[in-house]
Amino acid sequence: MNLVIDQGNSICKVAIYEGDIMVCNYAFPRLSLMDAKDIILEYPDLKRAIYSSVGGVDKYLIRLLKDYIPFTIAVDKDTPMPIRVNYDRSTLGSDRLAVAVAAFELTGGGREIFVIDSGTAITYERVSADGVYLGGNISPGFQTRFKALHHFTSRLPLVEYSDVAEGYSPFGSNTREAIESGVTRGLVYEIDGYIDDLRMTHPDLVVYLTGGDSQYFECKIKNDITVVKDLVLLGLNRILEYNYNHAQENN
């Protein structure tokens, strides 16, 4: 069994995998040592673990994992990957690389891949048909845009994600509606614009949408997409399996 830990900007996702199957998952603002130990003790058959963080590395958590789980890796710029990477890995977030790995695994190669991860930031990742990570872009996410408008202006109100969860007007009739519509439509047009441009040169492009805001945008994007909720966790699990098998072959 595998333990997969993904510490994001605002939430830490934890999953237990048996092979390629997710057995269970948890979410924490940040994974404490006590919570981690409780999960480890609940699943005594854990043999492998992977830790990924977009921010600072929790060295105490990694030490705890290594004390209990025989094969533990923390993803960094030198971690071997099951796909080739055409990007400066010293600046590449492990979550971005994980979604690329997962998308290529799901597609099986043969088609150009585009992955959109919509969270605190919205990231766009490209993977070639033969499994090369070609790079991508980073843009402010849904809630980040609302917060920025409020923070950097003197009178614009703070609009929360929950305020627009049920829909929005095409054009606002007051300031709050104008913000809701402007941010939402701006992001939808941005996403569709990326997909339209890529499909001009890659008509058979496969597009995956993931992240905390993916379900909100799923029905608003006009292009054909596939929503996969936990693409980062799936990719990290694949990276873990790849490194474990690689280590076994070298022993």
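Nothing here was measured: the structure is a model prediction, and the numbers come from that model. (Residues numbered from 1 in each chain as written. Predicted model: local features only at pLDDT ≥ 70, side-chain atom pairs only at ≥ 80, totals over all residues. Heavy atoms only, no water.)

Below, the discussion takes up the pattern of salt bridges. Evaluated as defined, the whole model comprises nine salt bridges. D230 is the salt-bridge partner of K13, the closest N and O atoms lying 3.9 Å from each other. Pair noted here: K13 is in strand β2 (residues 12-18) and D230 is in the loop between β11 (226-227) and α7 (231-250), with a separation of 217 residues, a long-range link. Among the salt bridges present, the one from E241 reaches R48, with a minimum N-O distance of 3.7 Å. With E241 in helix α7 and R48 in strand β4 (residues 48-53), this pair connects stretches of sequence that are 193 residues apart. (Salt bridge = Lys/Arg side-chain N within 4 Å of Asp/Glu carboxyl O. Helix = DSSP H or I, 4+ residues; strand = E, 2+ residues; numbered from the N terminus.)

Here we take up the pairing of strand β9 (residues 132-140). Within a regular beta strand, the side chains point alternately toward one face of the sheet and then the other, so they alternate between its two faces. With two bridges joining them, strand β6 (residues 84-85) and β9 adopt parallel strand pairing. For R84, the partnering residue across the bridge sits in β9 and is V132. Hairpin geometry of strand β8 (residues 121-127) and β9 is characterised by an intervening segment of four residues between the two adjacent antiparallel strands and by a positive phi of about 85° at G131. (Pairing = 2+ DSSP bridges.)

Quick look at the packing of helix α3 (residues 94-107) against α7 now. Relative orientation of the contacting elements α3 and α7 amounts to 80°, with a least axis distance of 7 Å. When the axes of α3 and α7 are compared, the pair comes out roughly perpendicular. For the pair formed by α3 and α7, the contact residues are D95, A98, V99, V101, A102, A103, E105 and L106 on the first element and L231, V232, L234, G235, L236, R238 and I239 on the second. Counted by class, the contact of α3 with α7 contains 11 nonpolar, one polar and three charged residues. (Axes fitted to C-alpha atoms, helices over the stretch in contact; angles between N-to-C directions. Parallel < 35°, antiparallel > 145°, perpendicular 65-115°, else oblique. Contact = heavy atoms within 4.5 Å. Nonpolar A, V, L, I, M, F, W, Y, C, P; charged D, E, K, R; others polar.)

This part is about the nonpolar core. In this structure, I50, Y208 and L236 are the most contacted members of the largest nonpolar core, which totals 31 residues. Top element by residues in this core is α3. It accounts for eight residues. (Core = buried A, V, L, I, M, F, W, Y, C linked by side-chain atoms within 4.5 Å. Buried < 20%, exposed > 50% of the residue type's maximum accessible area, 1.4 Å probe, protein only.)

Geometry only, nothing functional implied.
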